[in-house]
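Overview (structure and organization)
These are the residues of each chain, in order.
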Amino acid sequence: MAHRILLVEDHTASRTTLAILLETSGYDVDTAANGREAIELLARHGYDVVVSDIQMPTMDGIELYRQIQHRWPYLARRVVFMTAHRSPHSPQTDSKGSPLPVLWKPFSVQRLREAVACALTRAA
């Protein structure tokens, strides 16, 4: 059974490309255009990893992460962020003090695969 990934990215072309890359790597992928859509999917489905952009309209990745910590704490250690911008507001560590993975755009397919594989090994 393939691991399920929720991919949250506001740019349609990037979201489509990343979903295809993850699917060809053997993952089941659902997509959301922002944090609010992601929350709706998280409420209906179980996921093994969340890969989320940080800067998005409606609900950004930081607020999405806070919601995950509150509502699905077992999943908080399995969030991978993507961003092109360094921000002092970006979470640096999870609630246990472990560093959160960040993919700095642009990133390679190999780096994406490594980040997801690493997230899957983190205890939920």
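One can find the structure itself at the top, above this paragraph.
Let me sum up the structure you'll find in this document. Note that this is a predicted model, so its numbers are computed, not measured.

Leu 6, Val 8, Leu 42, Val 50, Leu 64, Ile 68 and Phe 81 are the most contacted members of the largest nonpolar core, which has 23 residues in total. Listing elements by their share of this core, those giving two or more residues are β1 (4-8), α2 (35-44), α3 (61-71) and β4 (79-83). Beyond its immediate chain neighbours, meaning those up to four positions away, Val 8 contacts Ala 32, Asn 34, Gly 35, Ala 38, Val 50, Val 51, Ser 52, Asp 53, Met 56, Leu 64 and Met 82. Counting residues in hydrophobic clusters, the runner-up holds 17 residues, among them Ile 5, Tyr 27, Leu 103 and Ala 115.

Attention now moves to α2. Within an α-helix, residues lying three or four positions from one another point in the same direction, as the helix has 3.6 residues per turn. All of the buried residues in α2 are Gly 35, Ala 38, Ile 39, Leu 41 and Leu 42. All buried residues of α2 lie within an arc of 165° about the axis, which places them on one face of the element. Looking at α2, the residues exposed on the side facing more than 90 degrees away from the buried face are Ala 43 and Arg 44. Contacts made by the buried residues of α2 are with β1, β2 (28-32), β3 (49-53) and α3.

Turning our attention to unusual backbone geometry. Omega for the bond connecting Lys 105 with Pro 106 falls within 30 degrees of zero, at -5°, which places this linkage in the cis form. Tracing the backbone shows Pro 106 in the loop between β5 (102-104) and α4 (109-121). A positive phi angle, close to 75°, is found at Thr 58, a residue other than glycine. Along the chain, Thr 58 falls in the loop between β3 and α3.

Turning to the packing of aromatic side chains, a few remarks are in order. Using the criterion set out here, one finds one aromatic pair in the structure. Relative to Phe 81, the ring of Tyr 65 has its centre 5.6 Å away and its plane inclined at 65°; by these criteria the two rings are edge-to-face. With a gap of 16 residues between them, Tyr 65 in helix α3 and Phe 81 in strand β4 connect regions that are remote in the sequence. For Tyr 65, a relative accessible area of 4% gives the class buried. You can call Phe 81 buried: its relative accessible area is 1%.

Here we come to the side chain of Arg 78. Relative to the elements of secondary structure, Arg 78 occurs in the loop between α3 and β4. Of the buried charged residues, Arg 78 lacks a salt bridge, with Asp 48 as the closest side chain of opposite charge at 4.4 Å. A distance of 3.0 Å separates a polar side-chain atom of Arg 78 from the backbone oxygen of Arg 122.

What counts as what
- Residues numbered from 1 in each chain as written.
- Predicted model: local features only at pLDDT ≥ 70, side-chain atom pairs only at ≥ 80, totals over all residues.
- Heavy atoms only, no water.
- Core = buried A, V, L, I, M, F, W, Y, C linked by side-chain atoms within 4.5 Å.
- Buried < 20%, exposed > 50% of the residue type's maximum accessible area, 1.4 Å probe, protein only.
- Helix = DSSP H or I, 4+ residues; strand = E, 2+ residues; numbered from the N terminus.
- Contact = heavy atoms within 4.5 Å.
- Arc of directions from axis to C-beta.
- Phe/Tyr/Trp six-rings, centres within 6.5 Å; stacked < 30°, edge-to-face > 60°.
- Lys, Arg positive; Asp, Glu negative; His and termini not counted.
- Salt bridge = Lys/Arg side-chain N within 4 Å of Asp/Glu carboxyl O.
- Polar contact = N/O pair within 3.5 Å; in protein donor to acceptor, adjacent residues only side chain to side chain.

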